[in-house]
Amino acid sequence: MNFTPRLQLIASALIISSSLVAPSTFAQKAPSAAAKLSPVMQATIERISAESMRGHLTFLASDLLEGRDTPSRGLDLAAEYIAAQFRVIGLEPAGNDGYFQTADWNVLKKELRRRPGAPVPPAEAEPTSPTIVRNVIGVLRGSDPALKETYVLVTAHYDHIGMKANAEGDKIFNGANDDASGTVSVIELAKAFAGMKDRPKRSIVFMTFFGEEKGLVGSRYYGKNPVFPIEKTVAGINIEQVGRTDDSEGAQVASVGVTGFDFSEVGAIIKQAGDKTGIHVWKHPVNSDKYFGASDNQALADQGIPAHTISVAYGFPDYHGLGDEANKIDYENMAKVDRAVAVAIEHIANSKDAPKWDEKNPKAAKYLDAWKQGKTNK
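A brief report on the enclosed structure follows.

How each quantity is defined
- Residues numbered from 1 in each chain as written.
- Predicted model: local features only at pLDDT ≥ 70, side-chain atom pairs only at ≥ 80, totals over all residues.
- Heavy atoms only, no water.
- Phe/Tyr/Trp six-rings, centres within 6.5 Å; stacked < 30°, edge-to-face > 60°.
- Helix = DSSP H or I, 4+ residues; strand = E, 2+ residues; numbered from the N terminus.
- Buried < 20%, exposed > 50% of the residue type's maximum accessible area, 1.4 Å probe, protein only.
- Lys NZ or Arg CZ within 6 Å of the ring centre and 35° of its normal.
- Axes fitted to C-alpha atoms, helices over the stretch in contact; angles between N-to-C directions.
- Parallel < 35°, antiparallel > 145°, perpendicular 65-115°, else oblique.
- Left-handed = near helix turned anticlockwise from the far one by under 90°.
- Contact = heavy atoms within 4.5 Å.
- Nonpolar A, V, L, I, M, F, W, Y, C, P; charged D, E, K, R; others polar.
- Pairing = 2+ DSSP bridges.

### Observations regarding the packing of aromatic side chains
One pass over the structure, following the stated rule, counts eight aromatic pairs. Between Trp357 and Tyr367 the ring centres are 5.3 Å apart and the planes differ by 25 degrees, which places this aromatic pair in the stacked class. Pair noted here: Trp357 is in the loop between helix H11 (331-350) and helix H12 (365-377) and Tyr367 is in helix H12, with a separation of ten residues, a long-range link. Neither Trp357 nor Tyr367 differs from the other in exposure class; each is buried. These aromatic residues form a ring-pair network of at least three members: Phe263, Phe292, Trp357 and Tyr367. One Lys or Arg, Arg134, reaches over the ring of Phe100 and ends 4.1 Å from the middle of that ring.

Quick look at the structure:
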């Protein structure tokens, strides 16, 4: 089916809606006077645009995509859209099929049924043909002759939970905050870094995963089938739920939490970036450790990569509900958070030293062991 006419209508709607929605009135915390960015990095973060992300997110969380279930037509449309943005930005395709790392969902379902604790999809008749699902991957190659062969991952999941069966009226789980917000952040960060005249020393991989809602399936697939060598992947920042400030514990404005904050040096790096850009980066006393294994960073950490997830709101109204829609996103605040993330990425990408797991933290022990094992087996 040709979706071009409908997409044209949506594009027109995006232009109109962006002029009607008032920008956030929340104030950003003042940066530390002693912490200043270089002119190059200041120009880089200024390319991160709230209105640009509003445009991307309004499409990805639109009813046309029917909740981006894995697998579904809506998920395929989202993958094509993200790949198109990577192409326009100028990222190098890094999948086994252009920008796509493809897998057969029917094969992955069988693996899910064997995995303890994973959400198990209902049993179905044996399919006669593959059902293709795709991670979307682009890379911005580094500038240093040696360090460009090492990689920083910037990730999010682009799937959601689809539609509510047998519902009247609104039945689409649009997933604007969870996790279209992270997906458009990946796109916008890629645009910001691609616009640099002199690229960072390490290569930066921008990747969006399928199947997070089905048990981190896309990220686990990547972990077992990495496009870039695991032992040369120095860190990962996963972006999840950064669009809503109405946290169940109180408004989170100019503030972002990091899962497993003190498991590795990545938490401190993000904290330093926040200090430079006026964002409060913190460790939630319960959720920081509790949710370390609840998003796609877990699949990467299991491989030994110091990978963490950032979130503005851990719990918010409409979580996995029908009301998680684009008009509830604070785009200005999301842009501010992403600017801090950009500063953290640049620090890791230009540093000669890779972030390390904290050997004194027992909660990081198994990830440190995986890292050491990977170095041994390289």
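Once the structure has been displayed, the description carries forward.
### Focus on the packing of helix H6 (residues 176-194) against H11
Direction vectors running N to C along H6 and H11 enclose 55 degrees, while the axes themselves pass 10 Å from each other. By the angle between their directions, the pair H6 and H11 is classed as oblique. Crossing of H6 over H11 shows right-handed handedness. When H6 is examined against H11, the residues Ser181, Val184, Ser185, Leu189 and Phe193 are found in contact with a partner set consisting of Met334, Asp338, Val341, Ala342, Ile345 and Glu346. Partitioning the contact of H6 with H11 into residue classes produces seven nonpolar, two polar and two charged.

### Comments concerning the pairing of strand E9 (residues 307-311)
With five of its five residues buried, E9 lies for the most part within the structure. Residues of E9 alternate between two faces, with Ala307, Thr309 and Ser311 on one and His308 and Ile310 on the opposite face, all of them buried. Strand direction decides the pairing type here: strand E6 (residues 233-239) and E9, joined by four bridges, are parallel. Paired with Ile237 across the bridge in E9 is His308.

### A word on unusual backbone geometry
What you tend to see is this: most non-glycine residues have negative phi, and most peptide bonds are trans. For the bond running from Thr70 to Pro71, omega is -10 degrees, close enough to zero to count as cis. The phi torsion at Asp318 lies on the positive side, around 80 degrees, for a residue other than glycine. Within the element layout of this structure, Asp318 appears in the loop between E9 and H11. Here Asp318 falls in the partly exposed class, since its relative accessible area comes to 26%.

### Here we look at the side chain of Thr70
Residue placement: Thr70 occurs in the loop between helix H3 (50-60) and helix H4 (73-89). Using a relative accessible area of 2% as the deciding quantity, one classes Thr70 as buried. If we ignore the near neighbours within four places in the chain, the residues touching Thr70 are Leu75, Trp105, Val133, Asp159, His160, Phe210, Gly211 and Lys214.

Keep in mind that these numbers describe shape and distance, not what the molecule does.
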